[in-house]
Each structure stands twice: as structure tokens, then as C-alpha cells.
Amino acid sequence: MDEQQWRVQDTVDYVCSRNFRIVTLQFPDEYLKHAAGVCKAITAACEARGHAVKAYILADTTYNSLSVDEVAAAHIGAECVVHYGRASLTKLSRLPAFFVFPQQQLDVQAAAACLAGSSVLADSGSSSSRSPVLLFLDQPLLRHLEEFKAALMQLVGQQQGAAAAARLVIPSVPSQHMEPQQQCQQAGVQPAAARGCCGTGTDCSSSDAQQQKQPAAASETACAGNAQLPRSCQGGACCSGGDTQGSQGGSSQASRPAALPTAVTAVAAGQQSPPSSSGGCGTPPGLHSLAGYQWHLPPGVEPRDCGLVWVGATDAPALLQLQLTYNSCPWAVLDPALLPPIAATAPPADLSATATACGALREGLPLDISRALRRRYFLVQKARDARIVGILVGTLGAAGYVQAVSALQAAARAAGKKTYTLLMGKPSPAKLANFPEIEVFVLVADPQGQILDSKEYLAPIITPHEAHLAFSQPDNEGEWDQAQYRLDFEGVLHSAQQELAAGGGSGRPHKQQQGPRFSLVAGGHYTHSDGGSGASSDGEDEAVRLHTAAADPGTALALHAQQALQVSEAPAGRSDLVDPRSAADYLLHKRSWQGVEAPLVGAAPKAVEQAVEGRCGRAAGYVDEPGRGDAKS
């Protein structure tokens, strides 16, 4: 087993320096065959340092392999989770986690020469007013970040000048390990506007060895190797230098409180501004983060004004999130696996043309992303027409998911919709088909684990951002702006806090006007009844409700059942025009399947007959069959 590939020593340093005794190792399905060897290597290395560790192996979470399975780890009382493979790097809620990314080879010179001639980088150097270019490296290629950055900037500087090379920004993934949000809030770390290792465009892991040799005071403003406490804990993901320092004597160090170094902090949950802004409260200006990446931009420059380049697999979940979020930017995607073998010896101009011809370099936003965004707008319109909404809880570890569910329930209730909250693991068409009354589902999950293609489902599945547009602004049809599209649910939390602040902190959402509106899906005007709060716009139903509330508690249940059995008459036989106000209304006018009755297939009702005795005997021969009269029953 290659211990360097699995970062065994780095994991042991992290576990020993934090004095963890119960550790869980989470592997995706394709890595489970290596789980036993990695587990034995980690426990043996910890025992060699005099630190006994009990390690457990976890498989994928119920939802996706990108998120940390905090629930399964909590069942055995684990103190941390070591996550292997690709990770979404969403903020945690309970347990700290250490991430071990997969490693892939990269032909640095060939990839740099191929990108140096792309149109996205070429346009950045033709004028002094050009915006920066963001170049993202896939997680398996992050170990080549510094080498690739140096090679690319050298080629760009030679071909287009030093100004073009200076505009090149390479985001990094500084969070090699993360702290839970609860621990960060208890630590009470104050954010600092000073610089730190997070988001500087360099990989923190490359400077760990130097940081171990520096004094403790110097580690407060640079990539500290001390992993005893989070580097930044402002209500969310805590950034830290990639590797931890050697754990010789780590147990004694972990037993005493360590100094909290100042660093660039992650955006607080519920206070995070959209990805296009410079951050939330306490975030230094110019710091941006998305999909686990962090980077700095000059003041006044937004990511949507920049060109974006991706180097890595074209099916990476992080690439999908970046392209959907920054869908108005010029794009270039380079797949290193498709570079021709002789590309390294070719001239840069010929190399770029060869990479484009073979499909390794693709410029422009893919058509699939544009089609997906148009379909998302259609689903937002369907969600505005929906009366019953199902909220799918697709994560139990991401920080803030409970608040996001509550905010969606409040927004749906204010829009006159009835909600059901469902927790069923990973959604599937068969599972959701058990709820035919629900017209649209809202999935609160990891941003990189969202179900975007729901064509196989009976009801569409939308994101919290799309649900917020449909519920909070039902009368404003022109509010859709695909340039502001996002997949995370922190925008819902931010909007909910703004609404509470605008309402004076009463904690109750503003009641929206339920006047007639034009449906772009149904092609007509309609109005909702308020199925969420129990009140109704109809005067008769309101009188029944008030009478029920003032009646004797002993008869309240009977009156409620009587109201639930009331059936409305369909105008001119049009059941589709009935707005259901009771369970009987819905079953009669909205359910398409009502049983195997003969009139449904055009036959006359069958007369009632007296029951007769059935056949007896065995399947090999019943008593009434010819020649089988002697069969035993």
C-alpha cells in the first residue's frame, strides 16, 4: 500500500495532535477494497507513537459520497471523521473531519502550454481593463497546484506579457480539515481582516514544513501547522493549513487550550451573501468561496466579471456547481486525461489546436448547462402553481439544514401552500411515487448532491433557491435571473433573516396577498386557498372554522371530520377547476386512480351475487377436473 497516496502520516498527525481516540474512516464504494489496509496502517502508526486509536470503517452516506456521514459516526461515539475521495467541503454541524483527496497525475507543461493559447486567457491580456481569470484545479490535481501555477504564469507572461500573468488567479482548497459549526460558535473566534493562508491562491499544504519551524507567534498570520483548534470559526467551515504538525507529545498539547490564530474566516451560515459578492459579515473584502475553493479578487471585481477555466474531470460535481453558478462567464475546460501523448513536445500554438481537436480543451459554456437553466425556470413556474409541497431532507450533517427547512416551511405557508417534510434517505422515483398528492418536492441537501434531472419522477424536484423564488415572489414573474442562480441553501437562510429583520423580529413571516395570478404553465388565472395555515378565503369555511374553535372540545374532532368530508360541486363537470378544500375534495376531483370499478372501463355495474364454494384439491389436479375426481383435497 502506498502510504503517501492515502496520506497515512498526515492523518496520524491530525489524530494524535487532537488526541482523538475513536476515529471513523469513510470510504466511497470504489475505495472500499483498500479500507482494511488503510485502517491497519493508521492504527499501527498511532500505536507506534504511543497513541491507542480505535478505528471504524464507514461506507458512503445514505445521500452521496461527497458529504461527511456524521450520523453514522455519532452512533459509535466517534470523535472525528476521516473522509476519503472527493468531498463537497460543506460546513459541518457536529464532528470535525479530515479530508484525503484522491491523487492523479498531471502533465504540467502540456496542460500549461495548452491553456496559454486559449481564448479565455488570451482576451485577458489584450487590455489593461480586462478582468482576472479564475483557474480551478480539480481536487485530485491539487498537489500539482504550485508547479502548475508557476509553469502557466511563465508561459502567459512570455506570450502575452506580465500584465496578463498578474491577472491570473488560481483558487485553492485550504480546508484540509474542518471544524463543526457548534464548536466554532463556542470558541467565539473573532474574524480578522488581516491576511491568512485561506484564499490567497496558494496551497497551504506546501508550506506546512516551513510553518513547523517558525515561532508560535508567527503562526497567527500564516498557515499554522497547529491543528488543535480551528483557524477560523465564524459560524461555519473552518479553514486550516492542509497538514498538521508532528504529534510528538501531541497528547499533552491537546489537553491544554491553544492560542487561537487569526485567519480569514468562512462566511457565516445565514449571513453569507451570494457567491458573486465579497462575503458576509466579518469577511475581508475581496474574499470569495464556492465549492470548497477560496480566492481573492481586487476590490470592486466580482467572479461573474471574470473568465473561468477548469482543469480536471468534466464530470466533477464541483464543475457542475461552478458552471451553474457562474453561467454568464466565458468558460474553458481542459481534461488532462485526453491530452495526446506527444503534446509535451509540441509547440504551444500547435498544442492548443491539437487539444481542441481531440476534445481535451473545450471553450464556452456547454449547451447542457443552458438547457438545464431553462428547465429550472419552467420548474419554478410549476412550483408557483403547486398547492402541496414536499420538503425532502437530503442531509443530516450540513450545517444549517434545519434552519433551511424551517425557512422553506414558513415561505410556503405564507404563499398559501401546504407542506410535508420527508426524510427517506436518497430519493428515488419509487419512493416519491408513494406521495402522489405532492405536486413538487424541494430537496434540502448538499449543493453538489442536488438532483437536477428529475424527468423520471412523477413530480419535479427543485432546489431551495428555486423554491424561494417560487414561494416568496409569486406575483413577480420577472424576478428570474439565471446569473444569480445558486445551488446552496444559505441564500434561503439569508433571505429569511432579512425578512425577520424587516418584520421587526416578530418571527412570523409576512402574509402574502393571494389574489388571482396568471399561470404560465396552466395558461389561465387562478387563486390559492390557504392550505398551510388552516384559514380559508371562503366565508363559509371560515365560519365553520370559527365555530369549531369555539365549540365544546368533546365535539371539536367530530366537527373537524365533518368539514374534511365536505365535497364541492365541480362547475360544468370540470373537476380540474375545483380548488380542493378538504380531503374528500382532493380524492374525488384530483386523484386520477380511484379503484378497479367496472364503470371506469365503460361496463355496466355488475349485479351482486351470492358467494359460492370455490375449487378444492391440489394444483396438480382439482376435484372438478376430468379424471381427477379421486384427487385428495
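Scoring rules and cut-offs
Residues numbered from 1 in each chain as written. Predicted model: local features only at pLDDT ≥ 70, side-chain atom pairs only at ≥ 80, totals over all residues. Heavy atoms only, no water. Phe/Tyr/Trp six-rings, centres within 6.5 Å; stacked < 30°, edge-to-face > 60°. Helix = DSSP H or I, 4+ residues; strand = E, 2+ residues; numbered from the N terminus. Buried < 20%, exposed > 50% of the residue type's maximum accessible area, 1.4 Å probe, protein only. Core = buried A, V, L, I, M, F, W, Y, C linked by side-chain atoms within 4.5 Å. Contact = heavy atoms within 4.5 Å. Pairing = 2+ DSSP bridges. Right-handed = clockwise from strand over helix to strand, strands pointing away. Polar contact = N/O pair within 3.5 Å; in protein donor to acceptor, adjacent residues only side chain to side chain.

A. Focus on the packing of aromatic side chains. Counted according to the given criterion, the structure contains ten aromatic pairs. Aromatic side chains Phe-136 and Tyr-293 sit 5.3 Å apart centroid to centroid with 85° between the ring planes, which places their arrangement in the edge-to-face category. Here Tyr-293 lies in strand 9 (residues 293-296) and Phe-136 lies in strand 5 (residues 133-137), a separation of 157 residues in the sequence. Of the residues examined, Phe-136 reaches a relative accessible area of 0% and is grouped as buried.

B. Region of interest: the nonpolar core. Ranked by internal contacts, the top residues of the largest apolar core, which has 67 residues, are Leu-135, Phe-148 and Trp-310. In terms of residue count, helix 4 (residues 108-116) provides more of this core than any other element does, eight residues in total. In this structure, Trp-310 is in contact with Phe-136, Asp-138, Tyr-293, Ala-316, Ala-318, Leu-319, Leu-322, Trp-331, Ala-332, Val-333 and Leu-334, ignoring residues within four places of it in sequence. Counting 27 residues, the second largest nonpolar core, distinct from the first, contains Val-393, Ile-462, Ala-470 and Val-492.

C. Structural detail: the pairing of strand 10 (residues 307-311). Taking burial as the measure, the five residues of strand 10 include five buried ones, the bulk of the element. Here strand 10 shows two buried faces, one formed by Gly-307, Val-309 and Val-311 and the other by Leu-308 and Trp-310. Note that strand 5 and strand 10 share five bridges and pair parallel. Within the sheet, the bridge partner assigned to Leu-134 lies in strand 10 and is Leu-308. Here strand 10 runs beside strand 11 (residues 331-334); their pairing, made up of four bridges, is parallel. Looking across to strand 11, one finds that Trp-310 is bridged to Val-333. The parallel pair strand 10 and strand 11, bridged by helix 11 (residues 317-325), forms a crossover whose chirality is right-handed.

D. How the structure looks around the side chain of Gln-450. Residue position: Gln-450 is located in the loop between strand 15 (440-444) and strand 16 (461-462). Polar side-chain contacts of Gln-450 include one of 3.4 Å to the backbone oxygen of Leu-487. The residues contacting Gln-450, other than those within four sequence positions of it, are Leu-443, Ala-445, Thr-463, Pro-464 and Leu-487.

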